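A closer look at the structure
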Amino acid sequence: MRSLSGTLTTGQKSLNISPLVRAVFTKGANSYTYNTSRILSLVHSEEPWRQSAELLLNNSDLIFPTLNLIGYACTISWGITTTAGDEYSAAAPLECISMKDDSMPGKLQTIFSLAGSFNMMDEEKASEVYTPAWDNTQTVQTILNAIAGATLTCFYGTKVYAVTYDS
């Protein structure tokens, strides 16, 4: 659950709101931030077990043919201008799974497809059937950690995901 500042909560109740959006792509020490001035459109869906987005950025300055952001984490933040300045609330991070250029007369744009961890895990396939022994005493949490950590034999070599459990 997201927590918002008091000024952001109050600002959302205003009758006159100018929405802000920001997309921050990060991988290692590299970080690229794009805001409302470059974002042409954003379709962003957050459900309990799935998150995805399609982000359309202005590429008139031809920056993206030289910048490959596939595999970068992308955090989308929604916000407004409040009495404290521009304030944002970040959504769950997504991964950039594809990017492609699209052109219209006088306009070049790049479309980014972004997917959440559960979307990515849904695409992973086991290399063999997993059937635990009848006397297996592992907990469900241990097996989930092995699947997400790519240490379970049938998922060995797949992408590793960090799992965080709450109390």
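Within the chain, the regular secondary structure consists of three helices and eight strands. Helices and strands in the chain line up, N terminus first, as α-β-β-β-β-β-β-β-β-α-α. Taken over C-alpha atoms, the radius of gyration comes to 20 Å for the chain, far larger than the 15 Å a tight globule of 167 residues would show. In terms of overall dimensions, the chain has C-alpha extents of about 60 × 40 × 25 Å along its principal axes.

Bringing the nonpolar core into the picture now. Counting residues in each nonpolar core, the largest one holds 19 residues, and the members touching the most others are Phe-25, Leu-55, Leu-69, Ile-76, Phe-112 and Leu-114. Secondary-structure elements contributing two or more residues to this core are β1 (19–27), β3 (39–47), β4 (50–58), β5 (73–82), β7 (94–104) and β8 (107–115). Setting aside its immediate chain neighbours within four residues, Phe-25 contacts Asn-30, Ser-31, Tyr-32, Tyr-34, Leu-55, Leu-69, Tyr-72, Ala-73, Cys-74, Cys-96, Phe-112 and Leu-114.

Moving on, we come to the pattern of salt bridges. This model, assessed by the stated rule, comprises three salt bridges. Salt-bridge contacts for Arg-50 lead to Asp-122; the nearest nitrogen and oxygen are separated by 3.6 Å. One end of the pair, Arg-50, is in strand β4; the other, Asp-122, is in helix α2 (residues 117–123), with 72 residues separating them in the sequence. Residue Lys-159 is joined to Glu-95 by a salt bridge in which the shortest nitrogen-to-oxygen separation is 2.6 Å. Pair noted here: Lys-159 is in the segment after α3 (140–148) and Glu-95 is in strand β7, with a separation of 64 residues, a long-range link. Residue Lys-159 is classed as partly exposed on the basis of its relative accessible area, which comes to 34%.

One ladder, built from two bridges, connects β5 with β7; its direction is antiparallel. Each residue of the ladder has a partner; that of Cys-74, found in β7, is Leu-94. Hairpin geometry of β7 and β8 is characterised by an intervening segment of two residues between the two adjacent antiparallel strands and by a positive phi of about 75° at Gly-106.

Turning our attention to the packing of aromatic side chains. The full count for this structure, using the stated rule, is six aromatic pairs. When the ring of Trp-49 is compared with that of Phe-118, the centres are 5.0 Å apart and the planes differ by 80°; the resulting orientation is edge-to-face. Of this pair, Trp-49 sits in the loop between β3 and β4 while Phe-118 sits in helix α2, and the two are 69 residues apart along the sequence. Since its relative accessible area comes to 61%, Trp-49 is described here as exposed. Aromatic rings pair up to connect Phe-25, Tyr-34, Phe-64 and Phe-112 into one cluster. The cationic tip of Arg-22 hangs over the ring face of Tyr-88; the distance from NZ or CZ to the ring centre is 3.8 Å.

On to unusual backbone geometry. Of note, the phi angle at Leu-62 is positive, near 60°, even though the residue is not glycine. Counting through the fold element by element, Leu-62 comes out in the loop between β4 and β5. The residue Ala-150 is not glycine, and still its phi comes out positive at about 60°. As for its position among the elements, Ala-150 is in the segment after α3.

This paragraph deals with the side chain of His-44. Turning to its location among the elements, His-44 is positioned in strand β3. The residues contacting His-44, other than those within four sequence positions of it, are Ser-52, Ala-53, Ile-76, Trp-78, Ala-91 and Leu-94.

So, how was this worked out
Residues numbered from 1 in each chain as written. Predicted model: local features only at pLDDT ≥ 70, side-chain atom pairs only at ≥ 80, totals over all residues. Heavy atoms only, no water. Helix = DSSP H or I, 4+ residues; strand = E, 2+ residues; numbered from the N terminus. Rg over C-alpha atoms; globule rule 2.2 N^0.38 Å. Core = buried A, V, L, I, M, F, W, Y, C linked by side-chain atoms within 4.5 Å. Buried < 20%, exposed > 50% of the residue type's maximum accessible area, 1.4 Å probe, protein only. Contact = heavy atoms within 4.5 Å. Salt bridge = Lys/Arg side-chain N within 4 Å of Asp/Glu carboxyl O. Pairing = 2+ DSSP bridges. Phe/Tyr/Trp six-rings, centres within 6.5 Å; stacked < 30°, edge-to-face > 60°. Lys NZ or Arg CZ within 6 Å of the ring centre and 35° of its normal.

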